[in-house]
Amino acid sequence: MMKTISILGSTGSIGRQTLDVLRHLPDVRVLALTGGTNVQLMAQQCREFRPRLAVMATADTMHTLASLVKDLDISLAFGEEGLMEAATMADTECVITAVVGMLGLKPTLAAIRAGKRIGLANKETLVCAGELVMAEAEKYGAEIIPVDSEHSAIFQMYRCTIFVYNSYIRLILYVKML
């Protein structure tokens, strides 16, 4: 079964690493890519991954990209509206939010409200609006998975601690029942 993903910030470090992983996962289809101003890299990514939507930071960079990918069947957009479109595409199951700074907050909230699984690499989203983001995720049933190295390590340690703690409690209960 084919999985679908949108990558907000595909030309940045986390976005490029995400695409490196996806090269080895033939059952994942990239539906949207967004980037800042690196038009050449975005054009290369569009040629390789053939997304339905490519988003650039400005109208000028979008027009430059248009000239580089005019032979491809890709919709183009720019700015915050483009990010929002990429984050909420109907067929997208997972959204990687790896854009810099506060720019990631609105599209992350939009993806959460659309019930998407979020791969969060943008710490500013949680620093600035963590309570709101987590409340919305709970309300809309969206899963948030930290994908940046430090956040993921803490998340994994937390999950492991809960697993070990729960296993320890079960063991104590089992021994007491003997």
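Counting restarts for each chain: residues are numbered from 1 in the order of the written sequence. Reporting of local features is limited, given that this is a predicted model, to residues whose pLDDT is at least 70; pairs of side-chain atoms are given and counted only at 80 or more, and all residues count toward the totals for whole chains, interfaces and linings. The side-chain values count all of the structure's non-hydrogen atoms but skip hydrogen atoms and water molecules.

**Some remarks on the packing of helix 1 (residues 13-22) against helix 2 (residues 39-49)**
As a packed pair, helix 1 and helix 2 sit with axes 13 Å apart at the nearest point and diverge in direction by 20 degrees. The angle between the axes of helix 1 and helix 2 places the two elements in the roughly parallel class. Helix 1 and helix 2 meet at a crossing whose hand is left-handed. Residues Arg16, Leu19 and Leu22 of helix 1 form the contact with helix 2, whose participating residues are Leu41, Gln45 and Phe49. In this count, Pro and Cys sit with the nonpolar residues alongside Ala, Val, Leu, Ile, Met, Phe, Trp and Tyr, while Asp, Glu, Lys and Arg are called charged and the others, Gly among them, polar. Taken together, the residues of the contact of helix 1 with helix 2 break down into 4 nonpolar, 1 polar and 1 charged. Note on definitions: angles span 0 to 180 degrees between N-to-C directions of axes, and those axes are lines fitted to C-alpha atoms, for helices only across the stretch in contact. Labels follow the DSSP assignment, with helices taken as runs of H or I lasting at least four residues and strands as runs of E lasting at least two, numbered in each case from the N terminus. Angles below 35 degrees are treated as roughly parallel, those above 145 as roughly antiparallel, those between 65 and 115 as roughly perpendicular, and all remaining angles as oblique. Should the near helix be turned anticlockwise from the far one by less than a right angle, the crossing is termed left-handed; should it be turned clockwise, right-handed. Here, two residues are considered to be in contact whenever any of their heavy atoms come within 4.5 Å of each other.

**Section: the pattern of salt bridges**
What counts as a salt bridge is simple: a side-chain nitrogen of Lys or Arg found within 4 Å of a carboxyl oxygen of Asp or Glu. A complete count under the given rule lists 7 salt bridges for this structure. Here Arg23 makes a salt bridge to Asp20, at a shortest N to O gap of 2.5 Å. Notably, a salt bridge pairs Glu80 with Lys106, separated by 3.5 Å at the nearest N-O pair. Placement of Glu80 in helix 4 (residues 79-87) and of Lys106 in helix 5 (residues 105-113) is noted, with a sequence separation of 26 residues between them. Only protein chains enter the area calculation, which uses a 1.4 Å probe; residues under 20% of their type maximum are buried, those over 50% are exposed, and those in between are partly exposed. Under the relative-accessibility criterion, Glu80 is labelled partly exposed at 38%. By sharing partners, the salt bridges in this structure join Asp20, Arg23 and Glu48 into a single network.

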